[in-house]
Amino acid sequence: MSMRAAAAEPSLLDPARLARFHGLVLRVPGGAGEQGGQQRVPGRADAAGLEVEAYRSYTPGDDLRHLDWNALGRLDALLVRRFTAERRLTFHILLDASASMRVPAGADKLRAAQELAMALGFIALAANDGVRTAILLADGRTRVSRPHRHRQAAAAVAGELADATGGGALGLGAALAAHAAQHAGPGVAVVVSDLMSEVADLERGVRALRARRFAVILAQVVAPGELDPGRTLRHGVLRDAESDDVHAIRLTRAALAEYRTVVEEHLAALRALAARTGSVYGRLVAGTSVADFITGDLARLGLVRRR
Amino acid sequence: MSAAGIANPAGALAFLALAALLVLYLRIRRRQAIPVATLFLWRRVRAPLVEPRRFRPDALFWLQAAILAALAAGYVRPYLDRPTGGAPAARLLVLLDVSASMQAREPEGVRFDLARARAQREIARLSSSDEAMLVTAGARASVVLRWSTDRALARRRLEEVTALDVPTDLAPALELALSEGRARAGTRILVLTDLPPSEGGVAAADLAAVEWTRIGHTDDNVGIIGVTVDEPPFADPGAASVLVLVRNFARVPRRVVLAAGAGGTPWERRDLTLGARGSASVTLRAPPASGALELRLEVDDALAADDRAWGWIGPREPVDAVVVTRSPALAAAFERLVAGVPGGRIARIAPEEWTPAVAAGHRVAVLDGFVPPEEPDVAGTLYVAPPAGNAVCPTAATAAADVSVVDWDADHPILRGMDGLPPLTLARASALAVPGWGRSVVLGGSRAASVPILVAGETGGRRVACLAAPLAEEPLASDRLSLLLLALGTLRWLDDGTGPLAVATGDPVPISPGVGASAGVTVAGDPPVLIAERAGIHRLPAADGERIVVANLADERESDIGREVGDTPLPSRPPPPASALARSDATGWLFALGLVALVVEWGLWTRRAGA
């Protein structure tokens, strides 16, 4: 979908517009929960369930209903069926609301990030998973909501996300680490940000989340001008939206080409970070369709599936 | 040879707009640094850095600068003078008489209007490169317009000038015009007046450089040339009399009616028959009321300004004085003096009993050999034989002996009604000096030096008189008539401090601080000086209410509008050179250039905004 068409699309912050995401579910590798639910968690076999995942030797105390009598007859061994765990996941949607999300002025990255976060949150709520929003504000402050558990909570989630206005400086890695320190997993941390920070700093935050048993989804929202600044920058006095530092460079063609290379390196570093930390990384270009991103890019990553 | 110049040098300040534009751009540029999400990626780019402060203006800036530069350059009005082969540029100085006689009516029109029309014609003849200057002459010279090539401005200034009710003193204005003429070769000086050159007040040889145009010839005028209101001291207003002098300046007999009114009540009408250039005096007695006195000649003559005169009659308050003295004889003498005045009141205290509250309720204080630290809060104070070193009346330590009156100021109001002072000799007198606020009214002389006997003036808004004669030793008896009259006249003058001020139009008169100007009366200077430019009764705003000023023209020379003077013809002078330089004014071109730049700038801005 073209950018112009995306701009004309109704806002996904309106829960009524999210009906198209019914029947979808977020499958997060490594995502788990303590409470029972509908989310299948392969690799964590339970004593009870619907889908047999594995067997193990009988030990006294095991439920004799799950003893595999066929195996006893064929193998003369006492084996007990183990089932795929079904858990309720809690999605922590961490939305970057720093000043950098408001630049470039025409792209409105924050709006795209809010819509993406809302869509993911709605999918989670529709699958009876829990959702907790965490708005990452300036100076390390985070506005964390109570857990939402039902689809009817979509309006509350939309309100919490829409309240993020953007402004101030944010150290993303430190904010993620702080969130991990205050909220124990297991769960799924969906980081919606432009990820325009040093990868090493970001990695500290991701690893802190992983250490607290969070599966991590890195959803990057970037503006077209950040990937290819040639069309938006006329002169070279650049100001960091968060630190107000000024950097004046001569924007020659060579400089712009080099910038594109640097950006590609940064994106590659983010992908490498995701691979290293077992996270999922996806990139949404602001101005394009969020719905297409979810049902296209995230589905290809295996993150979004039909139930 | 061509010469470039600017007609409005002060307009060069408009170029500051360019600096303002630059500052504006720098500020906007600083504010418009492009915000990016992060700089750490940009810092990895090995592109050459730009000096942040370096200003790299775009086409829009240059166009806006061009607009401002063109407008500012047009505002300074640059010009280029190129020789045309003719005569050099001309300068015209018009000296316009604005005295009262210029209000005289001639068959062709009012003299002043005729003079102004002539000046307008002369200015209209000037080329755009010629300069004109306007000077008016009334009682004082005034520059209405300094040298300027702006003919429209000159015409406007001329229209704003009016003839005043003041006498003529051409000499200062002529001297000014001649000095301008000497400073700028080729200046044509045009004098427009009803006076002949012989009354210009400058040497005839100097007038060779002047083009003297005499306006008017009629002598048809009857005017009031003098008004004297005589009010006996401390007497009822009904005892006042008014002496009016009326003169016929025409060379044919005239009959006129003099109508008088006092306090808004008609008083008297007198038919007067005046011979050719004859005069008559009229004495009016027993005014029906006190207040404004208005005199009017009912006559249809050429000059109306001198057909009316004004005065003021009482009402007078009886004398009310506090006498501070150790001398019972002096107190008794003042009591005897005041006893003859109905309602008069004298209070006596010793200097030791003096407090400022003592003077409250009295209008005059007489302080005998005593000067209190603070000035008494009364209308007037008489210091008799003030001690040496006092703060009010400068007095030397050594007293003068055998002082005789040698001179007096006959025009001073203290001596009004006295036909000179009878001989007076004082055995001893304080050695007064004349302070800055006063003047010597009566001057005495001893063997050693001359000594002021009576000094009077106004200071701090109050009237003050210093009398050198020790009245305690010089009895105020009828055999000392001079001293008696002097003391009485001084008391009257001191008591009259807040009464109407009678002035002649055009005469500068010192006035108390705090008095403001009004239409026809200017008050300026420090100490303030009042000049009435219009005859009549003026009520000036003052700190304590209002101050009434009675202004009269009463000037025979001004009323004599048909002066016949055997003038010697002015030396012939060469005709003034015509304009020699053709002046090209670039103002219009520069403004047009600015307009073109504005259109281009607007187009560029629109394109950018659309993009």
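Residues numbered from 1 in each chain as written. Chains lettered and ligands numbered in written order. Predicted model: local features only at pLDDT ≥ 70, side-chain atom pairs only at ≥ 80, totals over all residues. Heavy atoms only, no water.

S.K.: Honestly, the sheet that holds strand β9 (residues 187–193) of chain B in this entry has me stumped. Any pointers?
M.R.: Remark on secondary structure: sheet strands pair via backbone hydrogen bonds, oriented parallel or antiparallel. Residue and element names in this part refer to chain B. Strand order in this open sheet of 5 strands is β8-β7-β4-β9-β10, and the pairing throughout is mixed. Of all the strands in the sheet, just β8 (141–148) and β10 (210–214) have a single pairing partner and so form its edges. Put simply, the sheet's adjacent strands are angled 15° from each other on average, direction ignored. Direction of pairing for strand β4 (residues 91–97) relative to β9: parallel, over a ladder of 6 bridges. (Pairing = 2+ DSSP bridges. Helix = DSSP H or I, 4+ residues; strand = E, 2+ residues; numbered from the N terminus. Axes fitted to C-alpha atoms, helices over the stretch in contact; angles between N-to-C directions.)

S.K.: Where do I start with the interface of chain B and chain A in this structure?
M.R.: How big an interface is tends to be expressed through the accessible area that disappears when the partners come together. Every contact between the two is made by 22 residues of chain B and, on the other side, 31 residues of chain A. Summed over both partners, the interface of chain B with chain A comes to about 2,700 Å²; 66% of that surface belongs to carbon and sulfur atoms. For chain B, the biggest contributors to the area lost against chain A are Ile34(B), Ala37(B) and Trp42(B); these three give 26% of the whole. One can count 2 salt bridges joining chain B with chain A. With its nearest N and O atoms 4.0 Å apart, the salt bridge here joins Asp245(A) to Arg43(B). (Contact = heavy atoms within 4.5 Å. Buried area = accessible area lost by both parts, 1.4 Å probe. Salt bridge = Lys/Arg side-chain N within 4 Å of Asp/Glu carboxyl O.)

S.K.: In this structure, what is going on with a nonpolar patch on the surface? I would like to understand it.
M.R.: A cluster of nonpolar side chains, namely Leu595(B), Leu598(B) and Val599(B), defines an oily patch on the protein surface of about 290 Å² accessible area. With respect to the helices and strands, the residue Leu598(B) is situated in helix α10 (residues 587–610). (Patch = residues over 30% accessible without salt bridge, like charges linked within 9 Å, V, L, I, M, F, W, Y side chains within 5 Å. Areas by Shrake-Rupley, 256 points an atom, 1.4 Å probe, with all protein chains shown as cover.)

S.K.: Sorry, what's going on with the pairing of strand β30 (residues 529–532) of chain B here?
M.R.: Where a strand is regular, its side chains alternate between the two sheet faces. Bridge count for strand β28 (residues 509–510) of chain B against β30(B) is 2 bridges, and the pairing is antiparallel. Paired with Pro510(B) across the strands is Val529(B), a residue of β30(B).

S.K.: Looking at this model, I keep getting lost on the environment of Thr165(A). Mind explaining?
M.R.: Residue and element names in this part refer to chain A. Structurally, Thr 165 is set in the loop between α4 (154–162) and α5 (172–182). Once the C-alpha coordinates of Thr 165 and Ala 99 are considered, the two residues, 66 residues apart in sequence, prove to be 8.9 Å apart. Among residues more than four places away in sequence, those in contact with Thr 165 are Arg 102 and Leu 110.

S.K.: Help me understand the state of the cysteines, please; the structure alone is not making it clear to me.
M.R.: Residue and element names in this part refer to chain B. On inspection of all chains with the given rule, the structure shows 1 disulfide over all chains. Through a disulfide, Cys 393 is tied to Cys 466; the S-S separation comes to 1.8 Å. Disulfide Cys 393-Cys 466: the torsion about the S-S bond is -70°, which places it as left-handed. Of this pair, Cys 393 sits in the loop between β21 (380–384) and β22 (395–408) while Cys 466 sits in strand β26 (residues 462–467), and the two are 73 residues apart along the sequence. Its relative accessible area of 0% is what places Cys 393 among the buried residues. Under the relative-accessibility criterion, Cys 466 is labelled buried at 1%. (Disulfide = S-S within 2.5 Å. Buried < 20%, exposed > 50% of the residue type's maximum accessible area, 1.4 Å probe, protein only.)

S.K.: Mind showing me how you'd approach helix α5 (residues 170–183) of chain B here?
M.R.: Counting along an α-helix, one turn takes 3.6 residues, and residues three or four places apart therefore face a common direction. Residue and element names in this part refer to chain B. For α5, spanning 14 residues, the distance from its first C-alpha to its last is 20 Å, which sits close to the expected 20 Å at 1.5 Å a residue. Here α5 has its buried residues at Leu 170, Ala 171, Ala 173, Leu 174, Ala 177, Leu 178, Glu 180 and Gly 181. Summarising the contacts, the buried residues of α5 are in contact with β4, β7 (131–137), β8, β9 and β10. (Expected span 1.5 Å × (residues − 1).)

S.K.: Please explain the confidence of the model for chain B as it appears in this structure.
M.R.: Parts of the prediction with low pLDDT should not have their coordinates interpreted in detail. On average, residues of chain B score 84 in pLDDT, and 89% of them reach the 70 mark or higher. In the predicted complex, the global pTM is 0.49; the interface-specific ipTM is 0.79. (pLDDT = per-residue confidence, 0-100.)

S.K.: I'm lost on the pattern of salt bridges in this one. Help?
M.R.: A side chain of one charge can pair with a side chain of the opposite charge when the charged atoms of the two come close. Taken as a whole and judged by the stated rule, the model has 42 salt bridges over all chains. Here Arg65(A) makes a salt bridge to Asp63(A), at a shortest N to O gap of 2.6 Å. Judged by its relative accessible area of 30%, Asp63(A) is partly exposed. If you follow the salt bridges from partner to partner, you end up with Arg118(B), Glu122(B), Arg125(B), Arg188(B) and Glu211(B) in one network.

S.K.: Sorry, what's going on with the packing of helix α3 (residues 111–125) of chain B against helix α4 (residues 151–160) of chain B here?
M.R.: When two helices pack together, their arrangement is given by the angle between their axes and by how far apart the axes lie. All names here are of chain B. Orientation of α3 relative to α4, taken along the N-to-C sense of each, is 175°, at an axis distance of 10 Å. Of the possible angle classes, the one that applies to α3 and α4 is roughly antiparallel. Each of Arg 116, Ala 119, Gln 120, Ile 123 and Ala 124 in α3 lies in contact with α4, whose residues at this interface are Arg 151, Ala 154, Arg 155, Leu 158 and Glu 159. Within the contact of α3 with α4, the residues separate by chemical class into 5 nonpolar, 1 polar and 4 charged. (Parallel < 35°, antiparallel > 145°, perpendicular 65-115°, else oblique. Nonpolar A, V, L, I, M, F, W, Y, C, P; charged D, E, K, R; others polar.)

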